[in-house]
Amino acid sequence: MRKLLAFLILLLVLLAILDRVAVAGVEKEIATRATARYDLAAPPEVTVHGVPFLTQAVAGRYDEVEVKVGALNAAGVRLSGVDAVLYGVTAPLSDLVLRADQVEVRAERVVGTVVVPEATLNQRAPKGMKVDVSAAGLDVSGEITFLGQKVPAKARMKIELTGKGLRLAPEKVTLGGGITVPDPERFLRYEVPIGDLPFGLKFTEVTPVAGGLRITAEASDVPLQD
């Protein structure tokens, strides 16, 4: 009885080790493929969720895979906090082991987030204006030039998603010194272009957060290889 118990314990330990070795291999393979497919500067941090992993590996389908890309440049715009969760990733373990260069790996659905830092927003802001972002919203303040005169101005900005990035336009403008400037919005309206995101992510929502704007994006039927 003791020998059987010892054997079962040893078997469980070996299975646990095999489980961790297998998940590390799949995580590395997904990171390598994502790096090549989406021309990332460095391999992302990949975590396959779900325990035990081997049951997913045998089925060749991984329910949830977390990918942390970190920071990147898109269309010359510095982005941070680029993260994605891949759902329903199909990749049979036997195929990855025996013919990794031939097997097709895809994700049924991807949900991602990216942060446009306040520093990036300031770089794109109209000359003389400073951006301040909080959970309450995005404000700009500074001076605009009208008829050769510097006029103090501040505004709460409306944030809109476009197909190519962000559009910021003033909702309410306050000018200092009681000066009236016709259509002051034309001095404060601007755009922040954002290039293609990894995994073919398309913008769905933008939210002001401390230190920047967090964009949520989604995609479906996403390939993880060239």
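Procedures and definitions
What you see as residue numbers is a count from 1 along each chain, following the sequence as written. In view of the model being predicted, local features appear only for residues whose pLDDT reaches at least 70, and side-chain atom pairs are presented and counted only at 80 or more, with totals across whole chains, interfaces and linings using the full set of residues. The side-chain figures draw on all heavy atoms in the structure; neither hydrogens nor water molecules are used. The criterion for strand pairing is that DSSP finds at least two bridges linking the strands in question. Strands are runs of DSSP state E lasting at least two residues, helices are runs of H or I lasting at least four, and both sets are numbered from the N terminus onward. Per-residue accessibility, obtained with a 1.4 Å probe over protein chains only, is compared with the maximum for each type, and a residue is labelled buried under 20%, exposed over 50%, and partly exposed between these values. By the convention used here, residues are in contact when the closest approach between their heavy atoms is within 4.5 Å. Should a side-chain nitrogen of Lys or Arg be within 4 Å of a carboxyl oxygen of Asp or Glu, the pair is scored as a salt bridge.

> Before we move on, could you go through the pairing of strand S11 (residues 212–223) and cite the residues and values that matter?
The sheet contact formed by strand S4 (residues 106–117) and S11 spans 11 bridges and is antiparallel. Paired with Thr113 across the bridge in S11 is Thr216. Of the pairings in the sheet, the one linking strand S10 (residues 202–209) to S11 comprises seven bridges and is antiparallel in character. Paired with Glu205 across the strands is Thr216, a residue of S11. Hairpin connection between S10 and S11: a loop of two residues separates the two successive antiparallel strands, and Gly211 in this loop has a positive phi of roughly 95 degrees.

> If you had to explain the environment of Pro44 to someone new, which residues and values would you point to?
Examined against the element boundaries, Pro44 turns out to sit in the loop between helix H1 (2–37) and strand S1 (45–48). Using a relative accessible area of 7% as the deciding quantity, one classes Pro44 as buried. Distance in space between the C-alpha atoms of Pro44 and Glu66 is 9.7 Å, their sequence separation being 22 residues. If we skip the residues at most four places from it in the chain, Pro44 touches Ala31, Ala34, Thr35, Val67, Lys68 and Val69.

> Tell me what's going on with the side chain of Thr35, and back it up with residues and numbers.
Position of Thr35 relative to the elements: it lies in helix H1. Leave out the neighbours within four places in its chain, and Thr35 touches Leu40, Ala42, Pro43 and Pro44.

> Go over the pattern of salt bridges with me, naming the residues and quoting the values.
Side chains that carry opposite charge are capable of pairing whenever their charged atoms lie near each other. Overall, the coordinates contain eight salt bridges when judged by the stated rule. The salt bridge partner of Arg61 is Asp63, with a shortest N-O separation of 2.8 Å. Among the ionic pairs, Lys68 bridges to Glu66, the shortest N-O distance being 3.3 Å. Given the relative accessible area of 34%, Lys68 is considered partly exposed. Relative accessible area serves as the criterion here: at 23%, Glu66 is assigned to the partly exposed category.

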